[in-house]
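Residues per chain, in single letters:
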Amino acid sequence: MATQTFDAVVIGAGPGGYVAAIRLALLGQKTALVDREALGGVCVNWGCIPSKALIAAANLVEDMKHASNRGIFVEAPRVDIAKLREFKDAVVKKMVSGIGFLEKGNSVTVVKGTAAFVAPGAVEVTGADGAKSRIEAKAFIVATGARPIEIPGFPFGPDVWSAKEAVDLPEIPKRLVCIGGGVIGMELGTVYAKLGSQVIFLEALPQILTGIDPDAVRLVQKGIRQRGGAVHVSAKAKGYERRGDELVVKAEIDGKEQEIPCDRILCAVGFRPAPAGLGLDQIGVKLTERGYVEVNEQYRTSVPSIYAIGDIAGPPLLAHKASKEGEIAAEVIAGMKSARDWVALPAAIFTDPEIAVVGMSEDDARNAGYDPIVGKFAFGALGRAVAIDHAEGFVKVIGDRASKLLLGVTICGPEASDLIAEAALALEMGAYLEDVALTIHAHPTLPEAFMEACKAALGEAIHMLNRPERPRKAEAGAAARA
Ligand SMILES: Cc1cc2nc3c(=O)[nH]c(=O)nc-3n(C[C@H](O)[C@H](O)[C@H](O)COP(=O)(O)OP(=O)(O)OC[C@H]3O[C@@H](n4cnc5c(N)ncnc54)[C@H](O)[C@@H]3O)c2cc1C
């Protein structure tokens, strides 16, 4: 068996692994990057990138439908899904080849095959044709990601799609039941709703998009209802059967058994780590109770030569987190004193309206011992948002009452996913509410809403009335009793 030797080997070429390999190479390490599938991992091949291509196309359909608000009349848009799929595939292909170009240009050796550890310093790689080779290195980064969870009663197949099938756009079903009201379920369900499906969401927990500001969630739910869909919370999907031409999902909704007829089912209840077959247990790499690889703040596992990053190293399962971790692990391997020390890890949800968050919520701030002040500014009062006919939503900032330190930001509305970058920078730089409020923002632009929300928290908003803060309910009760 042929043996190759490198300074570092990265297993998995998703946003964690491909970035780690480039960073290692930039730091002078002789690096190999192993993946059994196309470069780019889940994110590029059937996650972030293709889903956003579909979301943008679906938004265009809706913009066309609503253009009559602005006196522009178009005939009902017709979607040719084969052509849309072709476009999406071309986007993916371009990104995958770009990564290949970057790896090659940085002198990273790309190896195609499935890797498994045979020792703490060696992996065996099996190619698609069964041929095996051995790769030795002083350090390994495991970046093998996560896989969709299959639940009892809903085996993935032509009837029941995972995110992977849903992103592939096999058809636009008339009625789609989406199990799971998390980020991926809500994003993909919304795409199908905009392309013409009636979408029924079933979420087992009492709220969709757990952890997200309820004001933002309400707007997303309103949008789903307006598109003829429905959201059921506290709803457990139990199984389904085929009856003639249709599928019937059995669910317990608020304790009552119900049957929901549909044409396809999307099951998006979460992801689980994908260490299977890597041989991590044989070489003593410790996993957490939930099956993630246990790492410290430098992404070292319990085996000194092995690091783990990205989805396999634990939540949140986000591409930019995986990439940042990849850079840190690469730097540690190259002898730098890097470690996880970020303040701001933003998250963007591409629903309608979009939601993006960074830093603490009001509850997080209270739990961390702060007395939070809140500033909220509605896009309905912002010239740019009104002018582009996307004026739904708000920016909400959380600050520390005593010091006025900015603690967190939630944006719900147009381009929230882009707008959150400024908030992330502000948090990372330790900005105070005044820093943002005093920064001149170009007019008329959407980021002015962030500036105004910070001003609102200080009682200094210009484009809304500054009302004295109402006491919180518990406090109001206590005051009445006193
Ligand atoms: C529909 C969808 C939409 C998403 N949208 C977003 C978004 O908008 N923003 C965001 O931040 N995140 C998004 N995500 C999540 C994002 O895709 C993941 O967080 C990200 O891909 C994780 O990167 P990773 O490098 O850890 O692993 P992955 O991207 O999962 O890559 C792992 C790679 O390892 C390879 N591999 C596994 N085992 C082996 C082995 N034994 N040998 C060789 N290769 C192996 C796999 O082939 C794969 O290519 C989305 C996910 C989905 C499914």
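Structure's up top.
Computed from a prediction, not measured in an experiment: that's the story for all the values here.

1. Re the sheet that holds strand β10 (residues 198-202)
Step number 1: Strand order in the open sheet formed by five strands is β8-β15-β9-β10-β11, with parallel pairing between adjacent strands. Only two strands of the sheet have a single partner each, and these edge strands are β8 (160-161) and β11 (230-232).
Step number 2: Relative to strand β15 (residues 264-267), β8 runs parallel, the two being bridged by two bridges. Bridging across to β15, Trp-161 finds its partner in Leu-266.
Step number 3: Sitting on the sheet, helix α6 (residues 183-195) is in contact with β8, β9 (175-179), β10 and β15, with an inclination near 160 degrees to β10.

2. With respect to the state of the cysteines
Step number 1: Under the criterion given, the structure shown has one disulfide.
Step number 2: What pairs with Cys-43 in a disulfide is Cys-48, and their sulfur atoms sit 2.4 Å apart. Between Cys-43 and Cys-48 the sulfur-sulfur dihedral comes to about -130 degrees; the bridge is accordingly left-handed.
Step number 3: Classification of Cys-48 by relative accessible area gives partly exposed; the value is 28%.

3. Looking at the packing of helix α1 (residues 17-26) against helix α4 (residues 81-105)
Step number 1: Between α1 and α4, the least distance of the axes is 9 Å, while the angle of their chain directions is 25 degrees. Compared by their axis directions, α1 and α4 come out roughly parallel. Along this stretch, α1 crosses α4, giving a crossing that reads as left-handed. From α1, Tyr-18, Ala-21 and Ile-22 reach across to α4, where they touch Ile-99, Leu-102 and Glu-103.
Step number 2: Of the residues contributing to the contact of α1 with α4, the split by class is five nonpolar, no polar and one charged.

4. Quick notes on the packing of aromatic side chains
Step number 1: Applying the stated rule across the entire model yields four aromatic pairs.
Step number 2: With 5.9 Å between their ring centres and 20 degrees between their planes, Phe-154 and Tyr-240 make a pair best called stacked. Of this pair, Phe-154 sits in the loop between β7 (146-148) and β8 while Tyr-240 is found in strand β12 (residues 235-243), placing the two residues 86 residues apart along the sequence.
Step number 3: Overall, Phe-154 belongs to the buried group, its relative accessible area being 0%.
Step number 4: For Tyr-240, a relative accessible area of 23% corresponds to the partly exposed category.
Step number 5: Residues Trp-161 and Tyr-192 carry aromatic rings whose centres are separated by 5.4 Å and whose planes lie at 45 degrees to one another, so their mutual orientation is tilted.

5. Quick notes on the environment of Ala-2
Step number 1: Tracing the backbone shows Ala-2 in the segment before β1 (3-11).
Step number 2: Judged by its relative accessible area of 55%, Ala-2 falls in the exposed class.
Step number 3: With 131 residues separating them along the chain, Ala-2 and Ser-133 place their C-alpha atoms 5.2 Å apart.
Step number 4: Residues within four places of Ala-2 in sequence aside, it is in contact with Ser-133 and Arg-134.

6. Thoughts on the environment of Gly-180
Step number 1: Here Gly-180 shows up in the loop between β9 and α6.
Step number 2: The class of Gly-180 is buried, set by a relative accessible area of 8%.
Step number 3: Excluding residues within four positions of it along the chain, Gly-180 makes contact with Gly-185, Met-186, Leu-202, Glu-203, Ala-268 and Val-269.

7. Concerning the nonpolar core
For soluble globular proteins, nonpolar side chains are generally found buried alongside one another.
Step number 1: Of all hydrophobic cores here, the largest spans 40 residues; its most connected members are Leu-266 and Ile-355.
Step number 2: The greatest single-element share of this core, amounting to six residues, is contributed by α6.
Step number 3: Apart from residues lying up to four places away in sequence, Ile-355 is in contact with Leu-209, Ile-212, Ala-216, Val-220, Ala-347, Ala-348, Ile-349, Ile-411, Cys-412 and Ala-416.
Step number 4: Within the second largest apolar cluster, 31 residues are counted, among which are Ala-356, Phe-377, Ala-385 and Val-409.

Cut-offs applied
Residues numbered from 1 in each chain as written. Predicted model: local features only at pLDDT ≥ 70, side-chain atom pairs only at ≥ 80, totals over all residues. Heavy atoms only, no water. Pairing = 2+ DSSP bridges. Helix = DSSP H or I, 4+ residues; strand = E, 2+ residues; numbered from the N terminus. Contact = heavy atoms within 4.5 Å. Axes fitted to C-alpha atoms, helices over the stretch in contact; angles between N-to-C directions. Disulfide = S-S within 2.5 Å. Buried < 20%, exposed > 50% of the residue type's maximum accessible area, 1.4 Å probe, protein only. Parallel < 35°, antiparallel > 145°, perpendicular 65-115°, else oblique. Left-handed = near helix turned anticlockwise from the far one by under 90°. Nonpolar A, V, L, I, M, F, W, Y, C, P; charged D, E, K, R; others polar. Phe/Tyr/Trp six-rings, centres within 6.5 Å; stacked < 30°, edge-to-face > 60°. Core = buried A, V, L, I, M, F, W, Y, C linked by side-chain atoms within 4.5 Å.

Remember that the coordinates give geometry; whether it matters functionally is a separate question.
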